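Understanding the architecture of this molecule
For reference, the chains in residue letters:
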Amino acid sequence: MATLGQKPVIYTFVRRKVYLPHRNMKDGTWSISIPMTTDDSIKEIKGNQVSFQDCFIRDFLLLMTFPMLTIPEIPGFLPISSPLGSQLMSDWKPCITSSAIVVADMETFQTNDSFRTWTRIRVPPNILTDDERHSVSDVTLSQDKIFFLIKGILYVKSFTAFTKLGSNENLPEGGIIGITSRKWCWIKYLLKDNKIRSSMAIWTKNEVYLGYTSLKFVKIITTEKLREILNISPAATLTIHNVDYTGHPLELALLLNYCIKCDVVKKIYLVIYNEDTKQWMHKDFALDVTNDSFIIPYFLYSAVPELILWDKHRIYYCYHNFTDTGVLQTPTEFGNLSRLSHDSIIHNVYIDYYGNILVKMENNIMFYFKTNIRDAVKLHLWTNSKTKSVILLNTSSQIYLVYVFKNGTVQPQEYPLNQEAQSIAFKTKEKCPFMAFHHNISHFYILDKGQNLSVWVQIVYPENVGLYIIMNSYGPKILEEKDQIHYEIALGYCTKNMTLTFFQNVNYEAVDDYFQLQYQNTGLLLIQVRSSEYTKTCPTGPKVFQIAVGCDTGKFIAVKGFNKKECLKHDFYYIIEKSYLRDRPSKNLRVKYSWKKYGCPLRLHFREKFHPLIQLYNDNSYIEDVEANFIVWEIHGRDDYSFNNTMKKSGCLNEAQTWKSMTKLNSHLPLEEAWGPENYKHCFSYAIGKPGDLNQPYEIINKSNQNHLVWPMQHTGMYVFHVKILDPNYSFCPLTAVFAIEIYGLIPSPNGYMVASFLFLLMLLFFTILVLSYFHYMRIYRQYIYAPIYKIERKQKNN
């Protein structure tokens, strides 16, 4: 294959990284090294268009995750299952579809590798009765737990315990009629208010709860509040029929039973709840069904709300945000699938990311259609009607069937959906209206202030067919859109290229409420591009992607030249003289320097000026040098530094903002909040600000204004600075960083009081010695005055 020009490359879906094979092949095979990540596990192997034995090798999807644990089987534990004779129930992790659980009427089975291997889930004795152990009515698989619904009570199975959930967890002690989890994988999304989103929903007839990964449950609505929201008469009966997560990463849908007499017919209404904004939206949807009907919803992988619903016999579709609704049709029997499958009823429905929809009956007869298609076809019988089976997705994103036999064994089998669909299409002579549908769109984009996004979509179709590209968006109106279409005809085929550009044109400077304006212009949009026409034979479905407008949490700034590697890793203490502090306290300040927080200080001579260069990073990768305005301040309160530029030299027409003026204006706020992008006003207009002394230091820095920090000439010291982006039009993120500078080179001058005291003591000692010496010499002098130096000896006369 290598001699034919083959060279496989691995692409990742979310981060769009590319991994190439090593240069040297080993035993005729390529080797590619791929790092393991939690948020970029879906990968695709692509190769060159090289024919191998007259066949082209197709691209191949694979799922690479960290090793996952299965709950072990413990000797002495007992089986847990659904009621005898019931159909299989299943659930899977939306982002790791190979991790799934299947509940049969004799055992419960769990797998992490698409049932290549599996374990039985069993529970301790003496917790459930035999009847309760065989009464599982619903199951949900979470990150490391399994939830079972048994006779209206929720239980959780973990690696170490099997626990009943109730009032201690803010859940009802009984009366729960359903649980559900997310079906679509959105690894990235934007939350404005909440920090986390729910992983499951639980409901009774009158209440809905959301569950989170830490076994936290919150009640979000009751039917009494829904009456007020929907303005429903108190005489009518309103109950919760069913609940399902939509294709939107932050929304949940409720189906509501509504009736007045409630004897024969009832209406099904639909409301959608956004977890982030906490808003309820009543959709233009109403379905009349018999009073004993139970409707199951399944939302499609789409930008706008689209779903299919089913009862025992029929499929209902709702496309294009509920503007296109009806009953799924069949060649005969007017859409009644039971009549086409020997009076069997619908077991479950499976939908994939490519728009394929499989409807499986209890006797294993299957029907097939695609997103935006209004009719279904019957597929060939794949297995006998007695074997119990369920549809799942394997590690290669391919559909497979799981069979559970009466002896308690499990067998997976791949299902060639594409071949089956093409076989049926060959008989019906149905063809896809377009030849190709290409794009350069990823799954997730995040736009910050001043950024725009451009993507292109291309469709190729036979001449005179008249197709075009449709773009739908769903979410807040916070982006402007431009499209450019290029049209070309050659050799009987038409090619249309559409370039879409999304951008925001909002000025956040000098507004009345900066934070409110930011909040109004951030949010999550879902965009969908599709062909104007589809058939069941089209290989691709609509392309769905997110545009998040707001702060990218992986974005941060750093000052160039600072790290944690070029110094001794240790903490130490130092003293800041009280006269160098902004508030002029009565005592000196003792400060602890934390190497972990501040990193290595940069040593500068006291004559060296310093101009900080701010760099922007995202997930440890460099993006750009920041050219926007920023400010710095010493976090311990030092103000014994200045700036080399004055306001006049910087071009100010009025007095510029300074730390002194901003702290005086916002004295009720802490220092770090007194000045920022929310209250920044420039000084380059006579209409903004007030006249003043323009010879003051200009305290705003950017990459090009050559404004430097200058140090005092009288003493050295340690400075720990905080830097903040000041430009209100630069980023939604509160971008800050810390850096430290140590000034050296000047011999510190002694303290004046100490010098005066020393001189006083020295003079006192001098005068003391002088006085003592005076008295000492005076004593000696007196002796010589009153006592002669030479004594005269006289002789005595003898008588």
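Everything discussed here concerns the structure shown above.
Residues numbered from 1 in each chain as written. Predicted model: local features only at pLDDT ≥ 70, side-chain atom pairs only at ≥ 80, totals over all residues. Heavy atoms only, no water.

Further remarks concern the sheet that holds strand 8 (residues 89–93). What the four strands build is an open sheet, ordered 8-9-10-11; its pairing is antiparallel. Here the strands that pair on one side only, and so sit at the sheet edges, are strand 8 and strand 11 (119–120). Where strand 10 (residues 108–111) lies against strand 11, two bridges are found, and the strand directions are antiparallel. Residue pairing in the sheet places Gln110 in a bridge with Thr119 of strand 11. (Pairing = 2+ DSSP bridges. Helix = DSSP H or I, 4+ residues; strand = E, 2+ residues; numbered from the N terminus.)

The four strands are arranged 29-30-31-32 in an open sheet whose pairing can be described as antiparallel. Either end of the sheet is taken by a strand with one partner, and the two such strands are strand 29 (346–351) and strand 32 (377–378). Pairing geometry for strand 29 and strand 30 (residues 356–361), over five bridges, is antiparallel. Of the residues in strand 30, the one forming a bridge with Ile346 is Met361.

A few words now on the pattern of salt bridges. Tallied over the full model, the rule gives 20 salt bridges. When the shortest N-O distance is used, the salt bridge between Asp144 and Lys145 registers 3.2 Å. Judged by relative accessible area, Asp144 falls into the partly exposed class, the value being 36%. Its salt-bridge partner being Asp640, residue Arg638 comes within 2.8 Å of it at the nearest N-O pair. For the pair formed by Arg638 and Asp640, the shared burial category is buried. (Salt bridge = Lys/Arg side-chain N within 4 Å of Asp/Glu carboxyl O. Buried < 20%, exposed > 50% of the residue type's maximum accessible area, 1.4 Å probe, protein only.)

The subject of this paragraph is helix 2 (residues 223–230). The α-helix winds at 3.6 residues per turn, so residues separated by three or four positions along the chain end up facing the same way. Residues of helix 2 that are buried include every one of Thr223, Leu226, Arg227 and Leu230, and no others. End-on view of helix 2: buried residues confined to an arc of 110°, all on one side of the axis. Along helix 2, exposed side chains directed more than 90 degrees from the buried face belong to Glu224 and Glu228. Contacts made by the buried residues of helix 2 are with strand 20 (217–222), strand 21 (237–245), strand 22 (251–259), strand 23 (265–274) and strand 24 (280–290). One or two positions beyond helix 2, positive phi appears at Asn231, with a value near 55°. (Arc of directions from axis to C-beta. Contact = heavy atoms within 4.5 Å.)

Our focus in this paragraph is the nonpolar core. Counting 77 residues, the largest nonpolar core has Ile308, Ile315 and Phe369 as the members making the most contacts within it. If near-sequence neighbours (up to four positions away) are discounted, Ile308 is found in contact with Ile296, Pro297, Tyr298, Leu300, Ile315, Tyr316, Tyr317, Val349, Ile351, Ile357 and Phe369. (Core = buried A, V, L, I, M, F, W, Y, C linked by side-chain atoms within 4.5 Å.)

One pass over the structure, following the stated rule, counts 38 aromatic pairs. With 6.5 Å between their ring centres and 75° between their planes, Tyr508 and Tyr514 make a pair best called edge-to-face. With a relative accessible area of 2%, Tyr508 lands in the buried category. A relative accessible area of 5% places Tyr514 in the buried class. A connected cluster of aromatic rings, assembled from ring pairs, spans Phe562, Phe610, Tyr641, Phe643, Trp711, Tyr719, Phe721 and Phe739. One Lys or Arg, Lys192, reaches over the ring of Tyr519 and ends 3.8 Å from the middle of that ring. In this structure, Lys449 packs its charged tip against the face of Phe732, placed 5.2 Å from the ring centre. (Phe/Tyr/Trp six-rings, centres within 6.5 Å; stacked < 30°, edge-to-face > 60°. Lys NZ or Arg CZ within 6 Å of the ring centre and 35° of its normal.)

Next up on the list: unusual backbone geometry. One non-glycine residue with positive phi stands out, namely Glu333, at about 70°. If you trace the backbone, Glu333 turns up in the loop between strand 28 (324–327) and strand 29. Look at Glu333 and you get partly exposed, because its relative accessible area is 31%.

In this section: the state of the cysteines. Evaluated as defined, the whole model comprises six disulfides. The residue that forms a disulfide with Cys95 is Cys185, at a sulfur-sulfur distance of 2.0 Å. Taking the sign of the S-S torsion, about 100° here, the bridge from Cys95 to Cys185 comes out right-handed. Within this pair, whereas Cys95 is found in the loop between strand 8 and strand 9 (96–103), its partner Cys185 is found in the loop between strand 17 (178–181) and strand 18 (200–203), the two being separated by 90 residues in sequence. Classification of Cys95 as partly exposed rests on a relative accessible area of 24%. Cys185 gets classed as buried once you look at its relative accessible area, which sits at 10%. Between the sulfur atoms of Cys567 and its disulfide partner Cys600 the distance amounts to 2.0 Å. For the disulfide bridge between Cys567 and Cys600, the dihedral angle about the S-S bond is near -80°, and by the sign convention the bridge is left-handed. Of this pair, Cys567 sits in the loop between strand 44 (555–559) and strand 45 (572–576) while Cys600 sits in the loop between helix 5 (595–598) and strand 47 (602–605); the two residues are 33 residues apart in sequence, bridging distant segments of the chain. Judged by relative accessible area, Cys567 falls into the partly exposed class, the value being 25%. Should the bonded cysteines of the protein be numbered as they appear in the sequence, the pairing reads 1-2, 3-4, 5-6, 7-12, 8-9, 10-11. (Disulfide = S-S within 2.5 Å.)

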